[in-house]
Amino acid sequence: MNNSLHINTPLLRSAVLSSPSQNVWLKLEAMQPSGSFKNRGIGVACQHYVAQGARRLISSSGGNAGIATAYCGTQLGVAVHVVVPQNAPQTAINAIQRFGAEVEIHGSTWQEAHQRALSYLDENSCLIHPFDDPLLWPGHATMIDEVVEAGVIPDSVILSVGGGGLLCGVAAGLNKHQLGEVEIVAVETHGAASLHAAIAAGHPVMLDEITTIANTLGAKQVCQAAFDVTEQHSVISHLVSDGQALEASQKFLEDHRILVEPACGATLAAVYNKMPSLQDKRNILVVVCGGMGVSTEQIANWQQQLESA
Ligand SMILES: *Cc1c(COP(=O)(O)O)cnc(C)c1O
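Criteria and thresholds
- Numbering of residues begins from 1 in every chain and follows the order in which that chain's sequence is written.
- Reporting in this predicted model follows two pLDDT cut-offs: at least 70 for local features of residues, and 80 or more for side-chain atom pairs to be given and counted; totals over whole chains, interfaces and linings ignore these cut-offs and use all residues.
- Working from all heavy atoms in the structure, the side-chain values ignore hydrogens and water.
- Note on terminology: near, applied to a residue and a molecule or strand, indicates that one of the residue's heavy atoms is within 4 Å of it.
- For this analysis, a polar contact is any N or O atom pair within 3.5 Å, provided that within protein one partner can donate a hydrogen and the other can accept it, and provided that sequence-adjacent residues contribute only side-chain to side-chain pairs.
- In this description, accessible areas are obtained by the Shrake-Rupley approach with a 1.4 Å probe, and a residue is regarded as covered only by the protein chains that are shown.
- Residue polarity follows a fixed list, in which Ala, Val, Leu, Ile, Met, Phe, Trp, Tyr, Cys and Pro are nonpolar, Asp, Glu, Lys and Arg are charged, and the others, Gly among them, are polar.
- Counting rule for disulfides: a pair of cysteine sulfur atoms within 2.5 Å.
- The buried label goes to any residue with under 20% of its type's maximum accessible area, the exposed label to any with over 50%, and the partly exposed label to all in between, with areas taken from a 1.4 Å probe on protein chains only.
- Helix and strand assignments come from DSSP, with helices taken as H or I runs of at least 4 residues and strands as E runs of at least 2, each series counted from the N terminus.
- The criterion for strand pairing is that DSSP finds at least two bridges linking the strands in question.
- When the strands point away from the viewer, a crossover counts as right-handed if the route from the first strand across the helix to the second turns clockwise.
- The domain limits used here are those given by an automatic or database domain assignment.
- Pairs of residues are marked as contacts when any of their non-hydrogen atoms sit within 4.5 Å.
- In short, buried area is how much 1.4 Å probe accessible area vanishes from two parts on joining, totalled over both.
- Any carboxyl oxygen of Asp or Glu that lies within 4 Å of a side-chain nitrogen of Lys or Arg is treated as forming a salt bridge with it.
- Note on method: axes are straight lines fitted to C-alpha atoms, helices fitted across the in-contact stretch only, with angles between N-to-C directions ranging 0 to 180 degrees.
- In plain words, nonpolar cores are sets of buried Ala, Val, Leu, Ile, Met, Phe, Trp, Tyr and Cys residues tied together by side-chain atoms within 4.5 Å.

Undergrad: Please clarify how the site of the ligand should be interpreted in this entry.
TA: The ligand sits among 17 residues. The nearest are Lys38, Gly162, Gly163, Gly164 and Leu166. Gly165 has a polar backbone atom sitting 2.9 Å from an oxygen atom of the ligand. In this structure, Leu166 approaches the ligand through a main-chain N or O atom, which is 2.9 Å from an oxygen atom. Here the ligand loses 98% of its free accessible area of 380 Å² to cover by the protein chains. Residues of the shell around the ligand, tallied by class, amount to seven nonpolar, nine polar and one charged.

Undergrad: Any chance you could explain the state of the cysteines here in plain terms?
TA: Chemically, a disulfide is nothing more than a covalent bond linking the sulfur atoms of two cysteines. This structure, assessed with the given rule, holds zero disulfides. In this structure Cys46 is not part of a disulfide, and its nearest cysteine sulfur, from Cys72, lies 5.0 Å away. Left unpaired, Cys223 is separated from the closest cysteine sulfur, that of Cys168, by 4.2 Å. The class of Cys223 is buried, set by a relative accessible area of 3%.

Undergrad: Hey, could you run me through the pairing of strand 7 (residues 156–160) in this one?
TA: Note on strand geometry: in a regular strand, side chains alternate between the two faces of the sheet. With respect to burial, strand 7 is a largely interior element, five of its five residues being buried. A two-sided burial pattern is seen for strand 7, the buried positions comprising Ser156, Ile158 and Ser160 on one face and Val157 and Leu159 on the other. When strand 7 meets strand 8 (residues 183–189), the two strands line up parallel, connected through five bridges. Across the sheet, residue Ile158 finds its bridge partner in strand 8, namely Val185. Each parallel crossover has a hand, and the one from strand 7 via helix 6 (residues 165–176) to strand 8 is right-handed.

Undergrad: I would appreciate a short explanation of the domain arrangement of the protein chain in the present structure.
TA: Reports of interface size often rely on the accessible area that becomes lost once the parts have come together. As assigned here, the protein chain comprises domain 1 (11–37 + 134–308) and domain 2 (39–128). The centre of domain 1, based on its C-alpha atoms, is set 24 Å off from the matching centre of domain 2. Tallying the contact residues gives 19 residues for domain 1 and 15 residues for domain 2. Interface area for domain 1 against domain 2, summed over the two sides, is near 1400 Å², with a carbon-plus-sulfur share of 57%. Across the contact surface, domain 1 and domain 2 share two salt bridges. For Arg40, the salt bridge is made with Glu146, and the minimal N-O distance between the two is 2.9 Å. The tally of links from domain 1 across to domain 2 stands at 10 residue pairs in polar contact (both at pLDDT 80 or more). For the side of domain 1 that touches domain 2, the leading source of residues is helix 5 (residues 136–149), giving six residues. A class-by-class count of the residues in the side of domain 1 that touches domain 2 yields six nonpolar, nine polar and four charged.

Undergrad: Looking at this model, I keep getting lost on the sheet that holds strand 5 (residues 102–105). Mind explaining?
TA: Strand order in the open sheet formed by four strands is 5-4-3-6, and the pairing between neighbours is parallel. Across the chains shown, the open sheet's two edge strands, defined by having one partner strand only, are strand 5 and strand 6 (125–127). Shown here is a sheet whose adjacent strand axes are inclined to one another by a mean of 20°, direction ignored. In terms of strand pairing, strand 4 (residues 79–84) meets strand 5 through four bridges, oriented parallel.

Undergrad: I tried to follow the sheet that holds strand 8 on my own but got confused; where do I start?
TA: As a general point, the strands of a sheet are linked pairwise by backbone hydrogen bonds and lie either parallel or antiparallel. Spatially, the six strands line up as an open sheet ordered 1-2-10-7-8-9, and their pairing is mixed. Looking at strand neighbours, the two that pair on one side only are strand 1 (11–13) and strand 9 (235–240), the edges of this open sheet. The mean inter-strand angle of the sheet, taken between neighbouring strand axes irrespective of direction, is 25°. Relative to strand 10 (residues 283–288), strand 7 runs parallel, the two being bridged by three bridges. Its bridge partner being in strand 10, Ile158 is matched across the sheet by Val286. Across the face of the sheet, helix 7 (residues 194–201) comes into contact with strand 8 and strand 9 while running at roughly 115° to strand 8.

Undergrad: Would you mind showing me how to read the nonpolar core here?
TA: As a rule of thumb, soluble globular proteins bury nonpolar side chains together. Membership of the largest hydrophobic core comes to 92 residues, with the highest contact counts inside it found for Leu57, Leu159, Val170 and Phe252. In terms of residues, this core owes the most to one element, helix 10 (residues 262–272), which gives eight residues. Counting residues domain by domain, this core receives three or more from each of domain 1 (11–37 + 134–308) and domain 2 (39–128). Those residues in contact with Leu57 that sit more than four places away from it in its chain are Cys46, Tyr49, Val50, Thr69, Gly73, Val78, Ala79, Val80, His81, Cys126 and Ile128.

This is the structure:
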């Protein structure tokens, strides 16, 4: 019996991005019930904590992690409380409430919201971390199980990096299938390049500030496990501009009729702009990580913001 909270997402060979010598496979995590791959790891973590007796799940994410926790917790029949900072997008707040969770707006930064969330922890409650919990990664890794089951063996996997949970999960999934040699292209925008900075420094470092429209990638520091992946695995760090990420989201909407956040557009930009290391690859797997924090109106606003900058 499959009692997972995520779905087995479609794996499409993109007719637009592929060529006779190269297959570009799209793993459509945007189709998850909560709109992003976070559904996988957070579903596993929520199931684990509820099985251990948690009656209430706490999140401090005003983004896709909060949305996934709201969805998964409600599915499991426990209370979900999400503390979000004042600048959390209304679309995310609406989605969290629509999935049946309670939203509390507190503090001007994520750090303040997070402190508040921590203050609620007691013997009946658990915190669902957005990226840095080893329980999440086997959940994210299930997307690689599905790709392998579909008979696709990639030569390169492209994904976006925020705090690095997705990177940890994909690396775990590849290792599980003896695909540890497969290269991973880890994409960030210039204004949220915390993995790039960690690789340069030789350890995770804290960025001074986040300056990107791809706010979902805005973790100031990657988790240690994500940095460790870059030392054990062939990881190419790749940076794109906000303009490239936004343009890729727009092109993807036109080409595939699916709307994704610029956080996901960053990955798509690496593919649309044919970054050099991909050119000799036969099968490229693109993790279309998705994200609910986007609308056509928001895309137009970002466009204006970038043009007037
Ligand atoms: C969370 C998220 C990311 C970044 O994932 P990390 O595990 O934090 O690296 C990228 N894209 C979307 C849509 C996300 O929700």
